[in-house]
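Letter by letter, the chains look like this.
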Amino acid sequence: MVRQWQAVHPGLNTGPMEVIGRINRCAALLQQAEDAPLRRAGLSRPEFDLLGALRRTGHELTPGELARETFSSGAAVTKRLKSLTGRGLVERRGDTRDRRVAHLRLTDAGRDLVDRILPEQLAYETAVLATLAPGEQGELAALLGDLLGTLEGRMSALRS
């Protein structure tokens, strides 16, 4: 693709396209694989992210806090929570002072599921990254972290 663009527009710097294109392609391939351990457990990555947020914070969260923890929209969190509560993995408790507020926590079954799947998921992700040496993985994580930090701080300015 890059060579084709360079042939059509030889004077353009296609370097950014190479980086962004590869990030997008990696993301697409990872989504197609659908995280084998999660799939076997009947969970999507976004559902696991919600369960994981509740597990790692160690306390109840509101839907809004969960949305912020998982970088999800409120509507997406609501939809996922409906499924997870229906499956007995998450329970909601109403606020005693404000009935509009819900507090969410993992059930015992939800906590057990996260604790069972996390080592399998980490082993799967380790296998996915096995072609990179540990130092390269650390370097890639740091570079992507830098990029994320920049994007999170500048995306609103770039959209306008």
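Just so it is clear, the model here is predicted, and its values are computed rather than measured.

**Student:** Explain the overall build of the protein chain residue by residue, including any values.
**Tutor:** Scanning the protein chain from terminus to terminus reveals eight helices and two strands. Of the regular secondary structure in the protein chain, the N- to C-terminal order runs α-α-α-α-α-α-β-β-α-α. On C-alpha atoms alone, the protein chain measures out to a radius of gyration of 20 Å, which is more than a quarter above the 15 Å that the 2.2 N^0.38 rule sets for 160 residues. Along the longest, intermediate and shortest principal axes, the C-alpha atoms of the protein chain span 65 × 40 × 25 Å. Expressed as a percentage of its 160 residues, the buried residues of the protein chain come to 23%. The long-range share in the protein chain, meaning contacts at least 24 apart out of those at least 6 apart in sequence, stands at 50%.

**Student:** So, the side chain of T62: which residues are in play, and what are the values?
**Tutor:** Mapped onto the elements, T62 comes out in the loop between α4 (45-57) and α5 (63-70). A residue is classified by how much of its surface remains accessible, and T62, at 18% relative accessible area, is buried. Beyond its immediate chain neighbours, meaning those up to four positions away, T62 contacts V101, A102, H103 and L104.

**Student:** An account of the pairing of strand β2 (residues 102-106) is needed here, citing residue identities and associated values.
**Tutor:** For β2, a buried count of four out of five residues is recorded, marking the element as mostly surrounded by other parts of the structure. Examined bridge by bridge, strand β1 (residues 90-94) and β2 share five bridges and lie antiparallel to one another. Looking across to β2, one finds that R93 is bridged to H103.

**Student:** Talk me through the packing of α4 against α5; I want residue IDs and the actual numbers.
**Tutor:** Viewed as axis vectors pointing N to C, α4 and α5 meet at an angle of 105°, and their least axial separation amounts to 10 Å. Taken together, α4 and α5 sit at an angle that is classed as roughly perpendicular. Contacts between α4 and α5 pair D49, L50, A53, L54, R56 and T57 from the former with L66, E69 and T70 from the latter. Of the residues that constitute the contact of α4 with α5, the class distribution is four nonpolar, two polar and three charged.

**Student:** A description of the pattern of salt bridges should follow, citing residues and the corresponding values.
**Tutor:** Two side chains of opposite charge can pair, provided their charged atoms sit close to one another. A complete count under the given rule lists twelve salt bridges for this structure. Ionic pairing is found between D49 and R45, a salt bridge with its closest N-O pair at 3.8 Å. Remark: R45 and D49 occur in helix α4; sequence separation between them is four residues, near one turn of the helix. Relative accessible area serves as the criterion here: at 29%, D49 is assigned to the partly exposed category. For R45, a relative accessible area of 31% translates into the label partly exposed. In this structure, R55 engages D115 in a salt bridge whose closest nitrogen and oxygen atoms are separated by 2.9 Å. Separated by 60 residues along the polypeptide, R55 in helix α4 and D115 in helix α7 (residues 108-128) bring together distant segments of the chain.

**Student:** Account for the nonpolar core, naming residues and giving values.
**Tutor:** Ranked by internal contacts, the top residues of the largest apolar core, which has 20 residues, are L43, L51, L54, L66, L81, L84 and V90. At the level of elements, α4, α5, α6 (74-86), β2 and α7 are the ones that each hand at least two residues to this core. Considering each element in turn, this core owes the most residues, five residues, to α4. Once you skip the residues sitting within four places of it in the chain, V90 turns out to touch L51, L54, L81, L84, T85, L104, R105, L106 and T107.

Calculation notes
Residues numbered from 1 in each chain as written. Predicted model: local features only at pLDDT ≥ 70, side-chain atom pairs only at ≥ 80, totals over all residues. Heavy atoms only, no water. Helix = DSSP H or I, 4+ residues; strand = E, 2+ residues; numbered from the N terminus. Rg over C-alpha atoms; globule rule 2.2 N^0.38 Å. Buried < 20%, exposed > 50% of the residue type's maximum accessible area, 1.4 Å probe, protein only. Contact = heavy atoms within 4.5 Å. Pairing = 2+ DSSP bridges. Axes fitted to C-alpha atoms, helices over the stretch in contact; angles between N-to-C directions. Parallel < 35°, antiparallel > 145°, perpendicular 65-115°, else oblique. Nonpolar A, V, L, I, M, F, W, Y, C, P; charged D, E, K, R; others polar. Salt bridge = Lys/Arg side-chain N within 4 Å of Asp/Glu carboxyl O. Core = buried A, V, L, I, M, F, W, Y, C linked by side-chain atoms within 4.5 Å.

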